[in-house]
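A structural walkthrough
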Amino acid sequence: MSRVLITGCSSGFGFEAAKAFRGRGDDVFATVRDLQIESVAELRALGVTPVVLDVSDDVAVEQGVARVLAGGPLDALVNNAGIYLQATVEETSDAQAYRMFETNVLGPLRMIRAVLPSMRARKKGVIVNISSTAGIAAFPRLGLYAASKFALTALSEALYLETKPFGIRVRLVEPGNFPTTDIFRKALGSARDFGSPYEAHVGAFWSALSSFQGAAPAPDVSPVIEAMWRAVHDPASPFQQPVGAEAQALADARRGQSFETIERIVYQTIGLHPAV
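Report on the accompanying structure. Everything numeric here is computed off the predicted structure, so don't read it as measured data. (Residues numbered from 1 in each chain as written. Predicted model: local features only at pLDDT ≥ 70, side-chain atom pairs only at ≥ 80, totals over all residues. Heavy atoms only, no water.)

So, the sheet that holds strand E3 (residues 49-52)
Strand order across the open sheet formed by seven strands is E3-E2-E1-E4-E5-E6-E7, with parallel pairing between neighbours. Across the chains shown, the open sheet's two edge strands, defined by having one partner strand only, are E3 and strand E7 (240-243). For this sheet, the mean inter-axis angle between neighbouring strands, taken without regard to orientation, is 20 degrees. Judged from the four bridges that link them, strand E1 (residues 3-6) and strand E2 (residues 27-32) form a sheet pairing that is parallel. Paired with Leu5 across the strands is Phe29, a residue of E2. Sitting on the sheet, helix H10 (residues 245-256) is in contact with strand E6 (168-175) and E7, with an inclination near 130 degrees to E7. (Pairing = 2+ DSSP bridges. Helix = DSSP H or I, 4+ residues; strand = E, 2+ residues; numbered from the N terminus. Axes fitted to C-alpha atoms, helices over the stretch in contact; angles between N-to-C directions. Contact = heavy atoms within 4.5 Å.)

Some words on the pairing of E2
Burial within E2 is extensive, with six of its six residues counted as buried. Taking every second residue as pointing to the same face, both faces of E2 are buried, with Asp27, Phe29 and Thr31 on one and Val28, Ala30 and Val32 on the other. Handedness of the crossover is the feature at issue here: the chain leaves E1, passes through helix H1 (residues 12-23), returns alongside E2, and the resulting connection is right-handed. Bridge count between E2 and E3: four bridges; the pairing is parallel. What sits directly across from Val32, in E3, is Val52. Handedness of the β-α-β unit built from E2, helix H2 (residues 38-45) and E3 comes out right-handed. (Buried < 20%, exposed > 50% of the residue type's maximum accessible area, 1.4 Å probe, protein only. Right-handed = clockwise from strand over helix to strand, strands pointing away.)

Below is the structure:
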């Protein structure tokens, strides 16, 4: 049995992972910002320990992690908490950009800083950062969100090299379009920038992408949870785990193709010409 701390567990991947890890015998600590929500009661009933913690709050992170460590050492941290932003680069406000990086980059950094001293002392531990296909390739209207996920990838790569001599494993999980995040549908649902000079061509891009995604069956989230499980429990798991056909295809293309080639592949796949 491992003691695992997972952030962002009120819904989505974090909620499903907390249930799955507990079901497999782990001692799970699940961070939430509100103990009164319905999902917390469900987690408690399964034996998961909720921890009130906001990753954007220095004091909350310090105190929350300290409470968990008071009961024993942590074997793994899963940085799952994050927020989403849909806006073109030019039309993203400073406040939105700051909040995006505050949560998606500095949040994991705070958690990492909080758990690393005890892991280094034991020469044992696993840190898993949950990214996205947006951390592999950036699409229109996802610039700042993608930037935060690219930053998380860079942070993870450096952390891997820095902490490996201390017996610590770092892993990166990159889910594609899954129902619990449903990133493409959310982007379309919030694309209401009427009057924006970008609306015509960016809207056409997302409409075509939505049609392409809608033609495929809704994927089961279990591969994402399984990837998270492997990242924690399997020392042979790869550093970077794209999850889903689109994530794997983007990762493969990024490794061996120029940006211009990837652009053509994406547009051809969704049935548009790059000039659009």
